[in-house]
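Letter by letter, the chains look like this.
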Amino acid sequence: MRRGLMDDEFFLVYQPQIEMESGRACGVEALLRWRDPERGIIGPSEFIPIAEESGMIQALGARVLRESCRQVMAWHRMNMLLRLSVNLSVQQLQHEGWLGVVEEALKSSGLAARYLDLEITESVIITHHEKAVATLIKLKQLGVSITVDDFGTGYSSLSYLARLPIQGVKIDQRFVHGLEKNRSDEAITQAIIAMSHSLGLRVIAEGVETAAQFEFLKSHGCEEAQGYLISRPLEEPELRSWWKMQDEETRIVGRQADMWRGWRRT
Ligand code: C2E
Ligand code: MG
Ligand code: MG
């Protein structure tokens, strides 16, 4: 992995996020990939845990942030006003220098802080790690937003959630995949949306794969969606083509989320 980092074998793909009501693209999530010369493309579930254990996550995470801020700012210059979501490990938040890394990435790219969203998992909440929470508060003061990823799978206390400086929750794909099939997944999803809204939080659903899941989420007031129904994670040139396609469609047909109904999986 160290060699991979030195040899530039890591790269980012970007998965679009859309506003359910209008069908318009509103953001992208940066997802890391490793192109190993021998083994081919390796996904983050395989190497992120190793990077966390070895401490390499600091260097890798800083690189992800710098590169993705630079990329999204380049899209902004082409009038593609997308918000950027970046995943963070607890280890990154506990690290002294992390706040400086975020400030530096924003400054050197020119990206406004309000376009950056950091995804943390419930483990940050569960461990009640004071240092991590202090960093979150400072990040919020910078103008960056925080979303709790994989929401519903951990064991976070609701009162603690209400006190954290977060702006959004992302419903875990396990619940999304059970929609229209499993009553308890539907009930949990509805409850997450209702609870989030009463706490003033924005809700995004991940792993949306079917039109039925999309309709369920939309009809229950979920604001945003991400998943294969909309698009797989894409490399830079493909993301630009995807943007053009959706931009034209949403402009021609107006407020029209139905276009995703017939959207082919690519
Ligand atoms: P995550 O943040 O929950 O990301 C969602 C994962 O679901 C991604 O897997 C994505 O490719 C996949 N996905 C998206 N839409 C669908 C769908 O419709 N159906 C299904 N079945 N899957 C879908 P990926 O890219 O393999 O990432 C796995 C995890 O690795 C991420 O989960 C995140 O926790 C972590 N990760 C990725 N990039 C980074 C990074 O730069 N830093 C850190 N710390 N973690 C990262
Ligand atoms: Mg995520
Ligand atoms: Mg997730």
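A few points on the structure. (Residues numbered from 1 in each chain as written. Chains lettered and ligands numbered in written order. Predicted model: local features only at pLDDT ≥ 70, side-chain atom pairs only at ≥ 80, totals over all residues. Heavy atoms only, no water.)

1. Regarding the nonpolar core
Grouped together as the largest cluster of nonpolar side chains are 80 residues, with contacts concentrated most on Leu65 and Leu84. Those residues within four positions of leucine 84 in sequence are excluded, and the remaining contacts are Tyr14, Val28, Ala30, Ser68, Cys69, Val72, Leu111, Tyr115, Leu116 and Asp117. (Core = buried A, V, L, I, M, F, W, Y, C linked by side-chain atoms within 4.5 Å. Buried < 20%, exposed > 50% of the residue type's maximum accessible area, 1.4 Å probe, protein only. Contact = heavy atoms within 4.5 Å.)

2. Some details on the packing of helix 5 (residues 98–109) against helix 7 (residues 130–142)
Their axes nearest at 10 Å, the elements helix 5 and helix 7 cross at an angle of 20°. Relative to helix 7, the element helix 5 is oriented roughly parallel. Helix 5 and helix 7 meet at a crossing whose hand is right-handed. Contacts from Trp98, Leu99, Val102 and Glu103 in helix 5 reach Thr135, Lys138, Leu139 and Leu142 in helix 7. By residue class, the composition of the contact of helix 5 with helix 7 is five nonpolar, one polar and two charged. (Axes fitted to C-alpha atoms, helices over the stretch in contact; angles between N-to-C directions. Helix = DSSP H or I, 4+ residues; strand = E, 2+ residues; numbered from the N terminus. Parallel < 35°, antiparallel > 145°, perpendicular 65-115°, else oblique. Left-handed = near helix turned anticlockwise from the far one by under 90°. Nonpolar A, V, L, I, M, F, W, Y, C, P; charged D, E, K, R; others polar.)

3. Quick word on the site of ligand 1
Neighbouring ligand 1 are 25 residues; Arg33, Asp149, Gln173, Glu209 and Tyr228 lie closest to it. Between ligand 1 and the protein, one listed contact pairs an oxygen atom with a side-chain N or O atom of glutamate 29 at 3.0 Å. With respect to ligand 1, the side chain of glutamate 206 contributes an N or O atom lying 3.2 Å from an oxygen atom. Protein chains shield 83% of the accessible area of ligand 1, which is 810 Å² for the free molecule. The set of elements that each furnish at least two residues to the shell around ligand 1 consists of strand 2 (25–36), helix 2 (44–54), strand 6 (145–151) and helix 9 (173–178). A class-by-class count of the residues in the shell around ligand 1 yields nine nonpolar, nine polar and seven charged. (Near = heavy atom within 4 Å. Polar contact = N/O pair within 3.5 Å; in protein donor to acceptor, adjacent residues only side chain to side chain. Areas by Shrake-Rupley, 256 points an atom, 1.4 Å probe, with all protein chains shown as cover.)

4. Description of the coordination of the magnesium ion (ligand 3)
Six octahedral donors around a metal ideally sit at 90 or 180 degrees from one another, while four tetrahedral donors ideally sit at 109.5 degrees. For the magnesium ion (ligand 3), the full set of protein donor atoms is Asp150 (OD), Glu206 (OE) and Glu206 (OE), and the range of their distances to it is 1.8 to 2.6 Å. On the accessibility criterion, aspartate 150 (26% relative accessible area) is partly exposed. Under the relative-accessibility criterion, glutamate 206 is labelled buried at 8%. (Donors = N, O, S within 2.8 Å, 3.2 Å for Na, K, Ca; no water.)

5. Some remarks on the side chain of arginine 33
Mapped onto the elements, arginine 33 comes out in strand 2. Look at arginine 33: it is buried, it has no salt bridge, and the nearest opposite charge is glutamate 235 at 8.4 Å. (Lys, Arg positive; Asp, Glu negative; His and termini not counted. Salt bridge = Lys/Arg side-chain N within 4 Å of Asp/Glu carboxyl O.)

6. Comments concerning unusual backbone geometry
Residue aspartate 8 is not a glycine yet carries a positive backbone phi of 65°. Tracing the backbone through its elements, the reader meets aspartate 8 in the loop between helix 1 (2–6) and strand 1 (10–19). Positive phi, close to 70°, is recorded for glutamate 180, a residue that is not glycine. Position of glutamate 180 among the secondary structure elements: in the loop between helix 9 and helix 10 (183–198).

7. Focus on the packing of aromatic side chains
Counted by the stated rule, this structure contains four aromatic pairs. With a centroid separation of 5.3 Å and an interplanar angle of 20°, the aromatic rings of phenylalanine 10 and tryptophan 34 are classed as stacked. Of this pair, phenylalanine 10 sits in strand 1 while tryptophan 34 sits in strand 2, and the two are 24 residues apart along the sequence. Considered together, phenylalanine 10 and tryptophan 34 belong to a single accessibility category, that of buried residues. Seen from their ring centres, tryptophan 34 and phenylalanine 47 are 6.0 Å apart, and the 90° between their planes marks the pair as edge-to-face. Of the two residues, tryptophan 34 sits in strand 2 while phenylalanine 47 sits in helix 2, which places them 13 residues apart along the sequence. Phenylalanine 47 shares its class with tryptophan 34; the two are buried. Above the face of the phenylalanine 11 ring, arginine 35 is positioned so that its terminal group lies 4.3 Å from the ring centre. Across the ring face of tyrosine 228, the terminal group of arginine 232 is positioned such that the distance to the ring centre comes to 3.9 Å. (Phe/Tyr/Trp six-rings, centres within 6.5 Å; stacked < 30°, edge-to-face > 60°. Lys NZ or Arg CZ within 6 Å of the ring centre and 35° of its normal.)

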